[in-house]
Each structure stands twice: as structure tokens, then as C-alpha cells.
Amino acid sequence: MLGLYAYFELKEVPQEKNWICTDVTFLYKELAKILTVEFNSNLHCLTSKKFQASGIVRFDDHLNLFEEVGVSEDVPTEWLLQVLHSLGLSAKVRSDPDVYFMPIVLPFGNTEIPQDSAVDNLCFAFDYKDHSLSEDLLDIPRGIFCKLAVYLINRGKYEACPGASDKVTVKFTRNNLELYLLERPGRIEAALFCKEYFLPNAESASRIKTLHEECVALRTDLEEGIKTACKALLGEAFLDAVHLQVGFLCECGKDNSHLAAVKSGSFLCSLSEDLRPLYEKRRLWMEPVVNCSLQPLSSGYLVIKDVKATTKPSSSTSISSADVVQILGYKVEASWRHFGVHLGVDCFVLEAIELHKHSHPKNCLSSVVEKWLAFADGTGEKERSWEMILQAVKVAYSG
């Protein structure tokens, strides 16, 4: 969990209080007394109990904790606090006096998470390049989640809420947004909630634009934080052996744990590589969106307005070209002519579309879909139009 480190001196500690440690085993033993505090049922002092429940320890009150958990008197306590910080196991959440937060010692709990998220949960998982590995080895490596939480705090842009956190759920606030970082089997999730007073005086388009910018900044910080944690704990070799998937829980029905993620410019199921929808509550993490707004709810949160709850229309649903273009996007948009051929649109029609739309990919794709939907409506194929569109995409890009 700690990685292979040898500590001699720390720059953060005044020289007169620094300490040289040449026995790493001894250091690990002392650290373990602190890291396993959640399993200690013999704590009595208030400082220790608070640390056990919330992961919070104050610099001016840490001696009681260290004494009760049995940290050796030979170890300078100020130096040991800095070791924990340097390892990425603790984050300084306040100064004067210094207050440290260690998510790794938190107990498992039932942190209540709101239901009205502004956007869909962004998920991170590892795609191991060696597919012969046992499924038991495909979980998130131990320690990554806690180091990621500490990384976000140390970035200085996210304020942790220890009282609303546990070992697998850490809450943060930032710019009237609430972020819940969640550790789940095989993945890490980011749940983002938008408070009602998020840019209350701004126009709707401006609020959406700012929310998108916040999502992109958070996604970037999370990706960098996970890679930093992996490098510190497992080394560069681990990063070479995996691909970090970034996406959303796939709703294709094959199982409840794999992702739909961006791959080669498209948004695909990670198991079948079938095309999956990328609607506004997901697209906001990736790119700007238009024609939507934030709607206030009685819970005090804002949600995206007029977003469809399903990933694809049912056979009885009326499909518009805008729906299809929004879901296809990316790779299909860039190769609209190839897509049209596999849908069965006449080549002369495709040439006329290209000439009329001045070769703009999105406009051309929209016209192709309109032509197909009109044909399907006139020939009684309307009921099967969605399935046929997806099949055309699968055939067109199977190679």
C-alpha cells in the first residue's frame, strides 16, 4: 500500500527537528499503528476517538493519539506527521494550527448520497492489457482511492467534508458544487451535484457552459490523480500494463459493472464495442452542449432539463434526426457517407446531400438520417428503424 520508500529527511520539517531513518521496516511498523486505528477497540482519549471516526488529527493535539496507539517514543512526531503527508496518506485541510485529514483510516459507513445529480456519474476503471488475468485481480488496487482523495485536497481547489465521508465515499465542495468520490467494485465514480444557488444571476447558457467547464476540470484532475496514485503505489510498470477507461456505466444489459467509454472517437460498450448513447448528462463531461438548461428541484439541487432517461428509443418511440445525430456523433459524423451507404441510402442522394450541405459533416449526417427515416416511414419500416440504424453503424465500423 505504501510503496517502496526509504526516508532520510523531509524538506517540510525544520532541520533541527528532522530525523534520519535507515530502517524502512521500523518505519512501516510505526505507520501501521496509525493506519490500522479503525480496528483498535481500546481507544479512550477524545483525540483518538475523533481520529478513528473522522480521520481528523490536529497538530497541536496529535501527541495523545500517537501515545495511545503506541507509536515509539524514539520517533519525532512532527517528522512522522510529515511522512504521512509526503506519502500522500494525509492532506492538510486547515492551518494555524495544522489540521490533517486521513481518509484511509475512516471506517466503512453508509454515507447518504443525494439522488438528484446534475450529470451522470463519471466512472474510471482499468482495462488490463493482459486479458488472461483472473477477474479477482481486476479490482481497483488497494490504496488508489484514498491517495486520489488526498490528491484532490492537496490541489487546493476541493474542500473535503470529513464528517460526511467514510472509507469508500469522500465528499468535497467546490464553487457551489458537491462532489462525492465513490469506490465501487472494479471502478471509481465521481457523482456531481449542483446547488440551487450555482451562478443564480447568470443566463441559462452561461450556467451550462460553466458547469461543462467545471466537469472538464474535474475529469482532468481525477485522471491525473489516479495516474499519480498508481505511479506512487505500483510504479510505472503498472501504468504500462493497463489502460485507464473513462466513461459511464453501460446499460446494454450484459452485466451491471462494465463501462461505456470513448474509444477511437466513438462512445462504445467496452464488452461488445456496440455504439452507446452520449446524451447531455454525459456529454457535459466531454464537450459543450446546447439547447438544455438547469432546472431547480425541491431538494435544492439543479438538474439538466429535458434529458431522456433511456439510452435508446423503444420500437414505438418516434425518432427524430436530432436524436440520432446526438447519439451517433464523433466517428460516424466524420464518416457520414460510409454510414449512409450501409443504411442503404442511394449514392445519388448522398452526392446531392454533400453538395447541398457544403460537406459539413454534422449537417450531412443529419440529412442522411432524415432521408432514411422518411423512407422507413413510407415503407412500414418505422418500427425497426432504430435497430437498423445501430446495425448499420456496427457493420460500417466492424473493421
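The shown structure was predicted, so the numbers you read here are calculated from the model rather than taken from an experiment.

Caption draft 1: Examining the overall build of the protein more closely. The number of helices and strands found in the protein is 14 helices and 13 strands. Out of the 399 residues belonging to the protein, those deemed buried represent 47%. Within the protein, residue pairs in contact and separated by at least 24 positions form 63% of the contacts whose partners lie at least 6 positions apart. Here the protein displays about 20100 Å² of accessible surface, and carbon together with sulfur accounts for 51% of that area.

Caption draft 2: The arrangement of the nonpolar core in detail. In terms of nonpolar packing, the biggest core is built from 83 residues, with Leu80, Phe126, Phe172, Leu181, Leu192, Leu211 and Trp285 touching the most fellow members. Of all the elements, helix α6 (residues 204-234) adds the most residues to this core, at nine residues. For Trp285, the contacting residues outside a window of four places in its chain are Val119, Asp120, Leu122, Ala190, Leu192, Cys215, Val216, Leu218, Arg219 and Phe248.

Caption draft 3: Expanded view of the pairing of strand β4 (residues 122-128). Most of β4 sits inside the fold, with six of its seven residues counted as buried. Relative to strand β9 (residues 242-249), β4 runs antiparallel, the two sharing six bridges. Following the sheet pairing, Ala125 is matched in β9 by Gln245.

Caption draft 4: The pattern of salt bridges, seen in detail. Summed over the entire model, instances satisfying the criterion amount to 14 salt bridges. One salt bridge connects Arg155 with Asp221, and the closest N-O pair in it is separated by 3.0 Å. You can see Arg155 sitting in the loop between α5 (144-154) and β5 (159-160) and its partner Asp221 sitting in helix α6, a full 66 residues away along the chain. Since its relative accessible area comes to 39%, Arg155 is described here as partly exposed. Between Glu223 and Arg219 there is a salt bridge; the shortest N-O distance is 3.2 Å. Residue Glu223 and its partner Arg219 are both found in helix α6; the two are separated by four residues, about one turn of the helix. If you follow the salt bridges from partner to partner, you end up with Arg155, Lys157 and Asp221 in one network.

Caption draft 5: Spotlight on unusual backbone geometry. Non-glycine residue Asn175 carries a positive phi angle of around 50°. Here Asn175 is to be found in the loop between β6 (169-174) and β7 (177-184). With a relative accessible area of 48%, Asn175 lands in the partly exposed category.

Caption draft 6: Quick peek at the packing of aromatic side chains. In the structure shown here, the tally under the stated rule is six aromatic pairs. Both rings, one in Tyr158 and one in Phe172, keep their centres 6.5 Å apart while their planes meet at 80°; by these two values the pair is edge-to-face. Residue Tyr158 is located in the loop between α5 and β5, and its partner Phe172 is located in strand β6; the two are separated by 14 residues in the primary sequence. A single burial state applies to Tyr158 and to Phe172, both of which are buried. The interplanar angle of 55° and the centroid separation of 5.6 Å between the aromatic rings of Phe193 and Tyr301 together place this pair among those described as tilted. One end of the pair, Phe193, is in strand β8 (residues 187-195); the other, Tyr301, is in strand β13 (residues 301-304), and 108 residues separate them in sequence. What makes Tyr301 buried here is its relative accessible area of 9%. Between the NZ or CZ atom of Arg174 and the centre of the ring of Tyr158, over which it lies, the distance is 5.2 Å. A cation over an aromatic ring shows up here: Lys195 above the ring of Tyr301, its NZ or CZ 4.8 Å from the ring centre.

Caption draft 7: Highlighting the state of the cysteines. Summed over the entire model, instances satisfying the criterion amount to zero disulfides. Between Cys194, a free cysteine, and Cys215, which holds the nearest cysteine sulfur, the sulfur-to-sulfur gap is 8.8 Å. We classify Cys215 as buried; its relative accessible area is 0%.

Caption draft 8: Representation of the sheet that holds strand β2 (residues 91-94) within the structure. Ordered in space as β1-β3-β2, the three strands form an open sheet in which the pairing is antiparallel. Strands at the two margins of the open sheet, each flanked by one partner only, are β1 (56-58) and β2. Direction aside, the axes of adjacent strands within the sheet are offset by 35° on average. Summarising the sheet, β2 and strand β3 (residues 99-101) pair through three bridges and their orientation is antiparallel.

Caption draft 9: Representation of the packing of helix α2 (residues 46-54) against helix α3 (residues 62-69) in the model. Their axes nearest at 8 Å, the elements α2 and α3 cross at an angle of 85°. By the criterion of interaxial angle, the relationship of α2 to α3 is roughly perpendicular. In this structure, α2 uses Thr47, Ser48 and Phe51 to contact α3, whose residues at the interface are Asn64, Leu65 and Glu68. Broken down by class, the residue content of the contact of α2 with α3 amounts to two nonpolar, three polar and one charged.

So, how was this worked out
Residues numbered from 1 in each chain as written. Predicted model: local features only at pLDDT ≥ 70, side-chain atom pairs only at ≥ 80, totals over all residues. Heavy atoms only, no water. Helix = DSSP H or I, 4+ residues; strand = E, 2+ residues; numbered from the N terminus. Buried < 20%, exposed > 50% of the residue type's maximum accessible area, 1.4 Å probe, protein only. Contact = heavy atoms within 4.5 Å. Areas by Shrake-Rupley, 256 points an atom, 1.4 Å probe, with all protein chains shown as cover. Core = buried A, V, L, I, M, F, W, Y, C linked by side-chain atoms within 4.5 Å. Pairing = 2+ DSSP bridges. Salt bridge = Lys/Arg side-chain N within 4 Å of Asp/Glu carboxyl O. Phe/Tyr/Trp six-rings, centres within 6.5 Å; stacked < 30°, edge-to-face > 60°. Lys NZ or Arg CZ within 6 Å of the ring centre and 35° of its normal. Disulfide = S-S within 2.5 Å. Axes fitted to C-alpha atoms, helices over the stretch in contact; angles between N-to-C directions. Parallel < 35°, antiparallel > 145°, perpendicular 65-115°, else oblique. Nonpolar A, V, L, I, M, F, W, Y, C, P; charged D, E, K, R; others polar.

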